[in-house]
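The lines below spell out each chain.
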Amino acid sequence: MKLLLELFITFCKIGSFTFGGGYAIISLIEENCIEKKKWISHEDMMNVTVIAESTPGPIAINCATFIGYKQAGLIGAVISTLGMVFPSFIVIFIISIFFDNFLKIQWIAHALKGIKIYVGILILNAAVTMLKKMPKNKLSWGIVFCAAMMMLLIFLFSLRISSVLLMLFFGVFSLVFMLITENKRGKRGDKK
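Below: a short report on this structure.

### As for unusual backbone geometry
Working note: non-glycine residues mostly have negative phi, and peptide bonds are mostly trans.
For step 1, the next point in the chain: A positive phi is found at K38, a non-glycine position, where the angle reads about 60 degrees.
For step 2, the next point in the chain: If you trace the backbone, K38 turns up in the loop between α2 (22-36) and α3 (42-53).
For step 3, the next point in the chain: The class of K38 is exposed, set by a relative accessible area of 62%.
For step 4, the next point in the chain: With a phi close to 50 degrees, S158 is a non-glycine residue in the positive phi region.
For step 5, the next point in the chain: Positionally, S158 belongs in the loop between α7 (138-156) and α8 (163-191).
For step 6, the next point in the chain: Overall, S158 belongs to the exposed group, its relative accessible area being 62%.

Spelled out as structure tokens, the structure:
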């Protein structure tokens, strides 16, 4: 019971700062669930981020569900997910009541500008953290470079290409590359 309460409270705290979506929250999840609580490893976080990005639903909620499941099974997954969603639900509910007047309040408009900057920094922090933990080989760096160039071209030319399609493309590319490499190693081993 104590673990379930801890999961709920931890993800409520994280969920209270989900400004900017899932990528902005990855660094908060890492800080709380890896460094402080030691619930998962950095490698687990890398894997769950990839899996969460390739499955339906927001990445932060998928990460919370995974971590909760890993700690306390199905009930842990439900409790963690509820903890992540609860603060956003309350905020959106309150905003919906006063929405017409909400954005007209000057201090809220200024606060949202500051939050946008903070979100950008959180996303950059998550990207740098993931790059540091990425395997250091030519294939990984090649994929990072190609993906960055493709995203830059998509942005510059305002193309409508889904990031999910790019992710699938690089996943298939990496898999094919690995299969070809393993096949060549196997043939060299057979010749000896």
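Further notes follow.
### Some remarks on the side chain of N32
For step 1, the next point in the chain: Along the chain, N32 falls in helix α2.
For step 2, the next point in the chain: Not counting the four nearest positions on each side in its chain, N32 is found in contact with T10, I14 and K37.

### Brief notes about the state of the cysteines
For step 1, the next point in the chain: One pass over the full model with this rule turns up 0 disulfides.
For step 2, the next point in the chain: Cysteine C63 remains unbridged, with the sulfur of C33 as its closest cysteine sulfur at 9.0 Å.
For step 3, the next point in the chain: C63 gets classed as buried once you look at its relative accessible area, which sits at 0%.

### A word on α7
For step 1, the next point in the chain: Look at α7: 27 Å from first C-alpha to last across 19 residues, which is about the 27 Å you get at 1.5 Å a residue.
For step 2, the next point in the chain: Where α7 begins, one side-chain oxygen reaches toward the backbone nitrogen of L139, 3.3 Å away; that side chain belongs to N137.
For step 3, the next point in the chain: Taken from the residues just after α7, S158 is the one with a positive phi, measuring 50 degrees.

Definitions and cut-offs
Residues numbered from 1 in each chain as written. Predicted model: local features only at pLDDT ≥ 70, side-chain atom pairs only at ≥ 80, totals over all residues. Heavy atoms only, no water. Helix = DSSP H or I, 4+ residues; strand = E, 2+ residues; numbered from the N terminus. Buried < 20%, exposed > 50% of the residue type's maximum accessible area, 1.4 Å probe, protein only. Contact = heavy atoms within 4.5 Å. Disulfide = S-S within 2.5 Å. Expected span 1.5 Å × (residues − 1). Polar contact = N/O pair within 3.5 Å; in protein donor to acceptor, adjacent residues only side chain to side chain.

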